[in-house]
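Breakdown of the fold
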Amino acid sequence: MNILFFLTPKATCTCLEEDNTVRQALERMEQAGYAALPILRKDGSYCGTLTEGDLLWALKKLCGMDLKQTEAHTIMEIAHRCDNQPVSVSTDIEDLVSMATDQNFVPVIDDRNAFIGIVTRKAIMQYCLKNFFVTQRQRIAIS
């Protein structure tokens, strides 16, 4: 199976750009309702992940808990606890599932390192639930 089956395309992803301010990131994350968002460079390549925790610590360290100061700092000034490692479109499913156990989403890049979308842990779990557990219950019911 190809990982593109699970892909949420870039066009429908909520992303940040590397020159976004802390305030813009806070607003976009609040509006989208996600706890982590991918960060893209101007050329469309993936350069990291920003989490709610990263923003919380940035408010304390960079902005002194002053929301007005969030407009003076870009998100690339924020220390990231971890960046979700991207996979290529040719990554096998086992490696994808392995990475998704430790990340809310797995960024997917093409052969030119351009960001093309994400695979969410939720999409993988829904597929497994539908195709493995339901099928297993059906086999037991038939027996």
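Before reading further, recall that the structure is shown in the block above.
Residues numbered from 1 in each chain as written. Predicted model: local features only at pLDDT ≥ 70, side-chain atom pairs only at ≥ 80, totals over all residues. Heavy atoms only, no water.

1. Comments concerning the sheet that holds strand β7 (residues 115-120)
Heads up, the rule is: Note on pairing: DSSP must find at least two bridges between two strands before they are called paired. Each helix is a run of H or I in the DSSP string that is no shorter than four residues. Each strand is a run of E no shorter than two, and both are numbered from the N terminus. Note on definitions: a residue-residue contact is assigned when non-hydrogen atoms from the two residues lie within 4.5 Å. Lines fitted to the C-alpha atoms define the axes, with helices restricted to the stretch that makes contact. Angles between their N-to-C directions range from 0 to 180 degrees.
In space, the 4 strands of this open sheet follow the order β1-β7-β6-β5, with mixed pairing throughout. Each edge of the sheet is formed by a strand with only one pairing partner; in this case those strands are β1 (8-9) and β5 (87-88). In the sheet, strand β6 (residues 105-109) pairs with β7 via 5 bridges, with the strands oriented antiparallel. In the strand pairing of β7, F105 is matched with T120. Relative to the sheet, helix α3 (residues 93-100) contacts β5, β6 and β7, its axis offset from that of β6 by approximately 135°.

2. Brief notes about the layout of surface pockets
Stated formally: A cavity, in this analysis, means grid points on a 1 Å lattice covering only the protein atoms where a 1.4 Å probe fits yet has no way out; a pocket is instead an open set bounded by protein on both sides within 12 Å along at least five of seven lines, and a residue lines either one if it has an atom within 4 Å of a point. Grid points are joined across faces, edges and corners, and a volume is the space filled by probe spheres set on the points. Each residue is assigned to one class: nonpolar for Ala, Val, Leu, Ile, Met, Phe, Trp, Tyr, Cys and Pro, charged for Asp, Glu, Lys and Arg, and polar for all the others, Gly among them.
For the largest pocket, the calculated volume is near 280 Å³. Looking at the largest pocket, it is lined by 15 residues, and the ones nearest its centre are Y34, A36, F105, I118 and T120. Of all the secondary-structure elements, those providing two or more residues to the lining of the largest pocket are β3 (36-40), β7 and α4 (121-142). Here the lining of the largest pocket gets 3 residues from one element, more than from any other, and that element is β3. Looking at the lining of the largest pocket residue by residue, the classes come out as 8 nonpolar, 5 polar and 2 charged. Approximately 150 Å³ is the volume found for the second largest pocket. In terms of lining residues, the second largest pocket is bounded by T51, G53, D54, W57, A58, K61, L62, E77, I78, A79 and R81. Its residues assigned to classes, the lining of the second largest pocket shows 5 nonpolar, 2 polar and 4 charged.

3. Section: the side chain of S45
Here is the rule we go by: Three exposure classes are used, based on accessible area relative to the maximum for each residue type with a 1.4 Å probe and protein chains only: buried under 20%, partly exposed in between, and exposed over 50%. Polar contact is the term for a pair of N or O atoms within 3.5 Å; when the atoms are in protein, one must be able to donate a hydrogen and the other to accept it, and sequence-neighboring residues count only if both atoms are side-chain atoms.
Within the secondary structure, S45 sits in the loop between β3 and β4 (46-51). Judged by relative accessible area, which is 9%, S45 ranks as buried. In this structure the side chain of S45 is engaged in a polar contact, spanning 2.7 Å, whose partner is the side chain of D43. Setting aside residues up to four positions removed in sequence, S45 forms contacts with I39, L40, N113, A114 and F115.

4. Digging into the sheet that holds strand β2 (residues 16-17)
Here we have 3 strands laid out as an open sheet, ordered β2-β3-β4, and mixed in their pairing. The sheet is open, and its two borders are formed by β2 and β4, each paired with just one other strand. Alignment of β3 against β4, held across 5 bridges, turns out to be antiparallel. Bridged to I39 within β4 is G48.

5. Notes on the nonpolar core
Side chains of nonpolar character tend, in soluble globular proteins, to be buried together. Rule in force here: Nonpolar cores were defined as sets of buried Ala, Val, Leu, Ile, Met, Phe, Trp, Tyr and Cys residues, with membership established by side-chain atoms within 4.5 Å.
L16, V22, A25, M29, L37, I39, C47, L50, L55, A58, I75 and I78 together form the largest nonpolar core, which totals 12 residues. Those elements giving two or more residues to this core turn out to be α1 (22-32), β3, β4 and α2 (52-61). When residues no more than four places from it in sequence are discounted, the contact partners of L55 are V22, A25, L26, M29, L50 and I78. Residues I3, L96, V108 and V119 belong to the second largest nonpolar core, which totals 10 residues.

6. Let's talk about the pattern of salt bridges
For clarity, the cut-off: Salt bridge criterion: a side-chain nitrogen from Lys or Arg within 4 Å of a carboxyl oxygen from Asp or Glu.
Within this structure, the stated rule accounts for 6 salt bridges. Here K42 ties to E17 by a salt bridge, and the two come within 3.2 Å at their closest N and O atoms. Of this pair, K42 sits in the loop between β3 and β4 while E17 sits in strand β2, placing them 25 residues apart in sequence. What makes E17 partly exposed here is its relative accessible area of 39%. Each of R23, E27, K68 and E71 takes part in salt bridges that share partners, so that together they form one network.

Coordinates in, geometry out; function isn't part of it.
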